[in-house]
Amino acid sequence: GRFAFIAGVLLTCPSALGSDRPAGPGRASDTASQSRDVFVLHAAHAASTPDWWTRLTVLNRGISITPVLIELFDGTGVKLDSTTVPGLPIGGVYQADIDAIFAKSYAGSDLWLRISGSSELCGAVEFGTRDGRTLSIVPLFDNPSTRIVFPYVYITPSTSESYYTGITVLNPNDAVNEVTLRAYTEDGELLAEHPESVPPGTKYVRLVDQIFDGVPDPNAIRMIRVSASLPVLGFELFGKWNAFGVAGLPAVVESVETPATKSPEFDKDGFVPVGDIFYNEIPDDDTWYTGMTVCNLTDQPAQVLSLLFDGAGNTLREITWELGPYQQFTREVWNFFGLAPTPAAATGRIKANSPISGFELMLSRGNPFRFDGLEACDRVYRRLDFPVIQCGADSTTRLHLSRLFTFPNPFTVTAYDANGNGLGNYTDTLGLAATLDLDLAAIFPGVADQIAWIHVEAQDRVVGNVFLLSADNERLGSYLGIGRN
C-alpha cells in the first residue's frame, strides 16, 4: 500500500487533457496583489488512498468575510469536483480531510487543489499515512514562477540507503507550458536537459532518475533547475523506500533580486552580498542529524560568507570560500562549518555576491525514523502566520524565532481558535537571546489545545518556523512561517 502510493504518485505522467480543464488562475503578480478581487492558492499535491490521507487548511487572514471556492483536479487536468465554504470569518480557519470536503469521495494518488476567495488567504496541506507514521506539511502556493529550483535531490537506486526524490511541476495556466528541466552534479556540471510540453492544468511527475533516464549514475544528480514559458509551481517528495517518514518541500523561486535579508552588518572588506539565506533549525545533535545545502544559481563563481550562531547571536564559526558555477555543497552541519558538534549551535546564515538557494534536513539518529526538511529562508517579514498548529495530548508544537540584526526586536505571538477568536498573547524580545524556542503549551497554558493558528508580529523582520512532533515520536512536521506584507 505505502509503496504503491509512492510509486503511483511519482510514476504518473500527464496525458491528454480532459474536457473539464481549469480556467486560468491568477499569475504571480496577481496573487501578490492586495487589491485584486480574487486571491488564488494551489495545493500542488493531494492524495486519498486506503493508506494515505490529505488534510487542507485555509486561513482567512484578510480584512473581510469571504466565501472560499475549493476545486479538485486530477493530474491530467480534469476537474473532478468543487465546493464552496459559504463564509469564512476574518481570522477563521477551514480545515478538513479531502475525503470530507466534497459530496463524493475521490480516490487518487495524484490530485491537486485550487482555492480562491475575495479576502487574503493562506494555508497548508498535510498528508501522511493513515497509520500515523508519516507526516508532511507544505504551505499552499501563491507564487508561480517561470524559474524554479530544487536545490537538493537525492536518489540511491543501487544502494541499501534506498532514498528517492520525486519531482512535481504543476502548470496552473490555461495554455500549454514549455518546460525544461536541467540536472546538475554537486560540482555544478550539467548532466542532462529534459524538455517537456506540459498541458494546461496538468502535472509533470517523475522520479529523478526517470526524468533523466540517460544519466548512467542518477545518484550524481544533486540539483535541478526548471525554466518554463509560463509560471509553474514546483514540489518534491523526498524519502526512503524502506522507512517511514517523508519530506514534502516546495521548490525555490529563482530570483536575481537582492533578498530582503541583506544587511551591512556582515559585509566585511568590501564584500557586499547579493544572496542571503538563513537556516533556522539546528535541533539537538544527540537526537537529530542536521544537513545543510547551499547552491550557486549562476554560471559564475560565488564568494560566500558562512556563519554559525549560538542562541545569543554569537558567531561560533565563520568561513569565507568560493562556490563554483551551479555548484551544490551539502554536508552535515558540523562538516559544513568544520567544527566539532556543539549543543550551542542554533542557526546558520550564508551570504554571497550572487544569487544562492539552500535547504536543510533534520533526520532522527535512532528509532523511530523521522525526518523533514526546511528550505533556507530568503524572504523575511515583520509579520508571520502559522496556519497549522498541533497542541494537545497527541502532539506538541514548538515555535522557533530568530532575529536578523543585533539590536533588540520586541515581538508578540497571538493565538487564535478556528473561528478567529483570540486566545491570548505572548510578548517577549529577541535581545540577549537572538533565537528563542517557545513551546506553545507553555506560553499559552490552559488553551493550547484550542489553538488553530498563530500570528507573530515583530518590531523588525524575523525568521520563524514551527517544529511539530507527535507524542509517540512517530511523526515530525516543520514549515517556515508564511510572511504577511
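Residues numbered from 1 in each chain as written. Predicted model: local features only at pLDDT ≥ 70, side-chain atom pairs only at ≥ 80, totals over all residues. Heavy atoms only, no water.

Some remarks on the overall build of the protein
Counting secondary structure elements, the protein contains six helices and 32 strands. Classification of the 485 residues of the protein by burial places 61% in the buried group. Partitioning the contacts of the protein with sequence separation of at least 6, the portion at a separation of at least 24 is 77%. On the protein, roughly 17500 Å² of surface is accessible, and the fraction owed to carbon and sulfur atoms is 49%. (Helix = DSSP H or I, 4+ residues; strand = E, 2+ residues; numbered from the N terminus. Buried < 20%, exposed > 50% of the residue type's maximum accessible area, 1.4 Å probe, protein only. Contact = heavy atoms within 4.5 Å. Areas by Shrake-Rupley, 256 points an atom, 1.4 Å probe, with all protein chains shown as cover.)

Section: the sheet that holds strand 2 (residues 52-60)
Taken together, the four strands give an open sheet; going across it, the order is 5-2-7-8, and neighbouring strands pair in antiparallel fashion. Of all strands in the sheet, those bounded by a partner on one side alone are strand 5 (93-97) and strand 8 (135-139). Sheet twist, expressed as the average angle between the axes of neighbouring strands with direction ignored, equals 15°. Where strand 7 (residues 121-129) lies against strand 8, five bridges are found, and the strand directions are antiparallel. Counterpart to Ala-124 in the pairing with strand 8 is Pro-139. (Pairing = 2+ DSSP bridges. Axes fitted to C-alpha atoms, helices over the stretch in contact; angles between N-to-C directions.)

Here's the deal with the sheet that holds strand 21 (residues 328-332)
Read from one edge to the other, the open sheet built from four strands follows the order 21-18-23-24, with strand pairing classed as antiparallel. Unpaired on one side and paired on the other, strand 21 and strand 24 (371-375) mark the two borders of the sheet. Between one strand axis and the next, the sheet turns by 15° as a mean value, whatever way the strands run. Where strand 18 (residues 288-296) meets strand 21, five bridges bridge the pair, whose relative direction is antiparallel. Of the residues in strand 21, the one forming a bridge with Cys-295 is Gln-328.

Here we look at the confidence of the model for the protein
If pLDDT is low for a region, its predicted coordinates should not be looked at in detail. Mean pLDDT over the protein stands at 86; residues scoring 70 or higher make up 87%. Confidence drops under pLDDT 50 across residues 1-36; counting only partners more than four residues distant or on other chains, this segment forms 91 contacts. (pLDDT = per-residue confidence, 0-100.)

Some points on the environment of Asp-439
Here Asp-439 is to be found in strand 29 (residues 435-439). The sequence separation of Asp-439 and Thr-397 amounts to 42 residues, and the corresponding C-alpha distance is 6.2 Å. Those residues in contact with Asp-439 that lie beyond four places of it in its chain are Thr-397 and Arg-398. There is a polar contact of 2.9 Å between the side chain of Asp-439 and the backbone nitrogen of Ala-441. (Polar contact = N/O pair within 3.5 Å; in protein donor to acceptor, adjacent residues only side chain to side chain.)

Digging into empty space enclosed by the protein
Here the structure, examined in full by the defined rule, presents six cavities of 30 Å³ or more. Estimated volume of the second largest cavity: approximately 70 Å³. If you go around the second largest cavity, you meet 13 residues; those closest to its centre are Pro-151, Glu-236, Leu-249, Pro-250 and Phe-359. The set of elements that each furnish at least two residues to the lining of the second largest cavity consists of strand 9 (145-150), strand 15 (246-250), strand 23 (356-364) and strand 24. Split into classes, the residues belonging to the lining of the second largest cavity amount to ten nonpolar, one polar and two charged. (1 Å grid on protein atoms, 1.4 Å probe; cavity = no way out; pocket = protein on both sides within 12 Å on 5 of 7 lines; lining within 4 Å. Points joined across faces, edges and corners; volume = space filled by probe spheres on them. Nonpolar A, V, L, I, M, F, W, Y, C, P; charged D, E, K, R; others polar.)

Considering the packing of aromatic side chains
Each aromatic ring pair is characterised by the separation of its centres together with the angle its planes make. According to the stated counting rule, one finds 18 aromatic pairs in the structure shown. Linked through ring pairs, Tyr-152, Tyr-154, Tyr-163, Phe-238, Phe-359 and Phe-371 together constitute an aromatic cluster. (Phe/Tyr/Trp six-rings, centres within 6.5 Å; stacked < 30°, edge-to-face > 60°.)

Re the layout of surface pockets
The computed volume of the second largest pocket comes to approximately 270 Å³. Tyr-152, Tyr-154, Tyr-289, Thr-330 and Leu-361 are, among the 17 residues lining the second largest pocket, the residues nearest its centre. Elements represented by at least two residues in the lining of the second largest pocket include exactly strand 18, strand 21 and strand 23. Of all the elements, strand 18 adds the most residues to the lining of the second largest pocket, at four residues. A breakdown of the residues in the lining of the second largest pocket according to their chemical character gives nine nonpolar, three polar and five charged.

Thoughts on the nonpolar core
One finds Leu-56, Val-58, Val-68, Ile-70, Leu-113, Ile-115 and Leu-140 to be the most contacted residues of the largest nonpolar core, which totals 35 residues. If near-sequence neighbours (up to four positions away) are discounted, Leu-56 is found in contact with Ile-70, Tyr-94, Gln-95, Ala-96, Ile-101, Leu-113, Ile-115, Ala-124, Val-125 and Leu-140. Core analysis: the second largest hydrophobic core is formed by 30 residues, Leu-399, Phe-444, Ile-454 and Tyr-479 among them. (Core = buried A, V, L, I, M, F, W, Y, C linked by side-chain atoms within 4.5 Å.)

Considerations on the pairing of strand 2
Working note: regular strand, side chains alternate between the two faces of the sheet. Counting buried positions along strand 2 gives eight out of nine residues, so the element sits mostly inside the fold. Summarising the sheet, strand 2 and strand 7 pair through nine bridges and their orientation is antiparallel. Residue pairing across strands places Thr-57 opposite Ala-124, the latter belonging to strand 7. The pairing of strand 2 with strand 5 spans five bridges and is classified as antiparallel. The residue bridging Val-58 from the neighbouring strand is Tyr-94, located in strand 5.

A closer look at the environment of Leu-305
Position of Leu-305 among the secondary structure elements: in strand 19 (residues 302-310). Here Leu-305 falls in the buried class, since its relative accessible area comes to 3%. Sequence spacing of Leu-305 and Lys-351 is 46 residues, and the spatial spacing of their C-alpha atoms is 5.1 Å.

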